[in-house]
Amino acid sequence: MVSSCHQLHIFFFPYMAHGHMIPIVDLAKLFALRGLKTTIITTCLNAPLISKTIQRTKDLGIDIDIQILKFPSVEAGLPEGCENLDSITSYDDGSLELIFKFLKATTLLQEPLEKLLQDCQPDCLVADLQFPWATDAADKFGIPRLVFKGTCFFSLCTLECIRLYEPHKKVTSDSEPFVLTNLPGDIKMTRKQLPDDLIQDFETDYSKLMKEIAESELRSFGIIVNSFYEVEPAYVDYYKKALGKRAWPIGPVSLCNGGIDDKAQRGKEASISENECLKWLDSKKRNSVIYICFGSMVNFSASQLMEIAKALEASGQEFIWVVRREKKNKKDEEDWLPKGFEERIERKGLIIRGWAPQVLILNHEAIGGFLTHCGWNSVLEAITAGKPMVTWPVFADHFYNEKLVSEVLQIGVSVGVKEWVAVHGDYVTTEAIEKAITELMVGKEAKEMRSRAKKLGEMATQAVEEGGSSYSNLSALVEEVRSHRHRP
Ligand SMILES: O=c1ccn([C@@H]2O[C@H](COP(=O)(O)OP(=O)(O)O[C@H]3O[C@H](CO)[C@@H](O)[C@H](O)[C@H]3O)[C@@H](O)[C@H]2O)c(=O)[nH]1
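Residues numbered from 1 in each chain as written. Predicted model: local features only at pLDDT ≥ 70, side-chain atom pairs only at ≥ 80, totals over all residues. Heavy atoms only, no water.

As annotated in an unreviewed UniProt entry, the protein chain is Glycosyltransferase from Manihot esculenta. In its Catalytic activity (unreviewed entry) section, the UniProt record describing the protein chain reads: "an anthocyanidin + UDP-alpha-D-glucose + H(+) = an anthocyanidin 3-O-beta-D-glucoside + UDP". As stated in UniProt under Pathway (unreviewed entry), the record for the protein chain gives "Pigment biosynthesis; anthocyanin biosynthesis." (UniProt positions renumbered as here; feature names shortened; annotations may be inferred.)

What follows is the structure in structure tokens.
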């Protein structure tokens with residue numbers, strides 16, 4: 001008989017991309033705060049991205065261990081040192097091919113993972129959804145595997161409905177809307193908003209991976225979702241009851257970051273100091289600034305960035321704009337900015353080249369809205385901070401997340417993107433961007449949207465407080481893992 005005082009040991013294994021590593025590190029912190037022993041598995045070049053967070057957690061007396069695996073970049077045909085999707089999506093072309101090579105490289109991690117599991121015998125493995133083979137690895141040692149899904153229930157339900165009922169086959173053109181069969185809320189989509197691989201009848205590398213992910217999930221212990229019940233109750237219920245999934249909404253995980261440093265330093269080193277950023281924001285009026293950021297993977301062309309710059313200037317709104325391009329030196333020609341732009345917007349706008357302290361910015365009272373690509377972390381961070389959004393989906397789950405934000409929650413204005421285009425995005429004109437920004441910031445619906453967003457933000461905080469829905473779900477999950485351990 002094993003003692004119930006045994007300290008459970010949980011392994012966390014995030015996919016090597018910021019949109020996955022950031023929430024899983026927060027998740028590990030949440031488990032550690034509940035007194036569990038936690039270990040994060042990552043690779044050599046990704047370790048520095050989380051070491052500061054781990055150090056700050058240590059300073060609070062909470063230990064998170066780290067285990068390093070060698071990433072087989074060269075073996076998988078990737079450039080040496082390519083260990084994070086961030087570096088791939090920064091290239092101007094060839095991204096998709098490299099993304100698949102990257103996925104292949106991760107499959108080579110199964111063997112070293114198994115060795116680690118054998119040596120350390122943790123009580124549970126929480127592995128990213130992108131690692132379907134992690135279920136087999138854990139199975140070999142009788143360790144339960146939980147799947148971490150960094151998206152919302154709404155998008156999980158949408159995807160399942162498309163797979164199960166194939167509503168996209170009931171329309172005759174790619175731009176004709178179809179209703180998502182059986183999904184609560186009369187939600188419509190078009191085939192253009194979905195990846196080709198999802199709706200084609202023949203098997204592709206991507207559809208094969210999707211099948212492997214779905215199959216490995218069925219054999220897993222269950223699914224952890226970074227969301228909270230109150231933000232999408234109909235979809236949490238639908239996923240669990242109608243689709244019969246074992247899932248725990250335990251978010252927003254970003255709320256485990258209380259202090260300024262914790263909020264500011266997530267993922268890469270920020271390209272601006274917290275002080276400089278806060279000083280700039282402190283000088284602005286409440287709700288007067290729009291924050292623009294497209295996550296860690298979207299890579300727009302110079303001409304698309306130019307349209308954004310022109311729209312910002314034309315809207316007259318104050319802004320913080322994060323651009324994934326570094327300026328090499330002062331004299332560097334920047335082909336993505338109109339001539340004299342920076343001089344003209346000097347007091348009105350702040351451009352951050354590289355990485356921004358996003359959660360810190362979103363939580364400042366000067367921020368009145370967020371122009372986002374609808375990556376789920378960004379959307380949830382905005383909801384948590386009580387901010388409405390301009391939605392500009394690009395690929396992945398962005399189009400589903402946009403529906404949730406603008407149609408279900410009614411806290412968003414769509415910029416009007418019609419088509420799923422990986423990494424570089426569908427083109428959006430200056431006029432469309434300016435119109436959406438103006439509507440969000442000062443349009444006739446702006447006040448109501450802001451007030452709805454604020455209420456959701458309050459609900460998010462309540463969900464993670466003791467007795468709240470996510471807090472209780474996490475307690476229940478820990479107990480399930482504990483009782484699994486006691487099983488003969
Ligand atoms: O300058 C920046 C840019 C991003 N972030 C953070 O990086 C994360 C970005 O995540 P997300 O908004 O989800 O965007 P992606 O990086 O594009 O994430 C990928 O992974 C997500 C989780 O699976 C998916 O929902 C997205 O669609 C997919 O594109 C968020 O926590 C941001 O706060 C910063 O802190 N500073």
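Right, let's talk about the sheet that holds strand S11 (residues 318–323) for a bit. In spatial order, the strands read S12-S11-S10-S13-S14-S15; together these six strands make up an open sheet with parallel pairing. Two strands in the sheet have a free side with no partner beyond their single neighbour: strand S12 (349–353) and strand S15 (412–414). The mean inter-strand angle of the sheet, taken between neighbouring strand axes irrespective of direction, is 15°. Where strand S10 (residues 289–293) meets S11, four bridges bridge the pair, whose relative direction is parallel. In the strand pairing of S11, Ile292 is matched with Trp321. (Pairing = 2+ DSSP bridges. Helix = DSSP H or I, 4+ residues; strand = E, 2+ residues; numbered from the N terminus. Axes fitted to C-alpha atoms, helices over the stretch in contact; angles between N-to-C directions.)

For the rest of this paragraph, the subject is the site of the ligand. Taken together, 21 residues surround the ligand, and among them Ser296, Ala356, Ser378, Glu381 and Asp397 come closest. Asp397 is positioned with one of its side-chain polar atoms (N or O) 2.3 Å from an oxygen atom of the ligand. When isolated, the ligand has an accessible area of 690 Å², and the protein chains bury 96% of it. Listed by contribution, the elements that provide at least two residues to the shell around the ligand are helix H1 (18–33) and helix H16 (376–385). Its residues assigned to classes, the shell around the ligand comprises seven nonpolar, eleven polar and three charged. Two domains each donate at least three residues to the shell around the ligand, and these are domain 1 (9–255 + 464–486) and domain 2 (260–324 + 335–461). (Near = heavy atom within 4 Å. Polar contact = N/O pair within 3.5 Å; in protein donor to acceptor, adjacent residues only side chain to side chain. Areas by Shrake-Rupley, 256 points an atom, 1.4 Å probe, with all protein chains shown as cover. Nonpolar A, V, L, I, M, F, W, Y, C, P; charged D, E, K, R; others polar. Domains from an automatic or database assignment.)

Our focus in this paragraph is helix H2 (residues 47–59). An ideal rise of 1.5 Å per residue puts 18 Å on 13 residues; H2 measures up with 18 Å between its terminal C-alpha atoms. Burial in H2 covers these residues: Ala47, Leu49, Ile50, Thr53, Ile54, Arg56 and Thr57. The inward-facing, buried residues of H2 abut H1, strand S2 (37–43), strand S3 (64–69) and helix H11 (260–264). In the stretch just after H2, Gly61 is the one whose phi turns positive, near 85°. (Expected span 1.5 Å × (residues − 1). Buried < 20%, exposed > 50% of the residue type's maximum accessible area, 1.4 Å probe, protein only. Contact = heavy atoms within 4.5 Å.)

It is at 8 Å that the axes of helix H13 (residues 302–315) and helix H18 (residues 430–442) come closest, and there the two elements cross at 45°. The angle between the axes of H13 and H18 places the two elements in the oblique class. The two elements H13 and H18 cross, and the hand of that crossing is right-handed. Residues Gln304, Glu307, Ile308, Lys310, Ala311, Leu312, Ala314 and Ser315 of H13 lie in contact with H18, whose contacting residues are Thr430, Ile433, Glu434, Ile437 and Thr438. Tallied by class, residues from the contact of H13 with H18 come to six nonpolar, four polar and three charged. (Parallel < 35°, antiparallel > 145°, perpendicular 65-115°, else oblique. Left-handed = near helix turned anticlockwise from the far one by under 90°.)

Now for the sheet that holds strand S1 (residues 9–13). Reading across from one edge, S3-S2-S1-S4-S5-S8-S9 is the order of the seven strands in this open sheet, with parallel pairing throughout. Unpaired on one side and paired on the other, S3 and strand S9 (247–249) mark the two borders of the sheet. On average, each strand axis in the sheet is inclined to that of its neighbour by 25°, with strand direction left out of account. Relative to strand S4 (residues 124–128), S1 runs parallel, the two sharing four bridges. If you follow Phe11 over to S4, its bridge partner there is Leu125. With respect to the sheet, helix H5 (residues 110–120) is in contact with S1, S2, S3 and S4, its orientation differing from that of S3 by roughly 140°.

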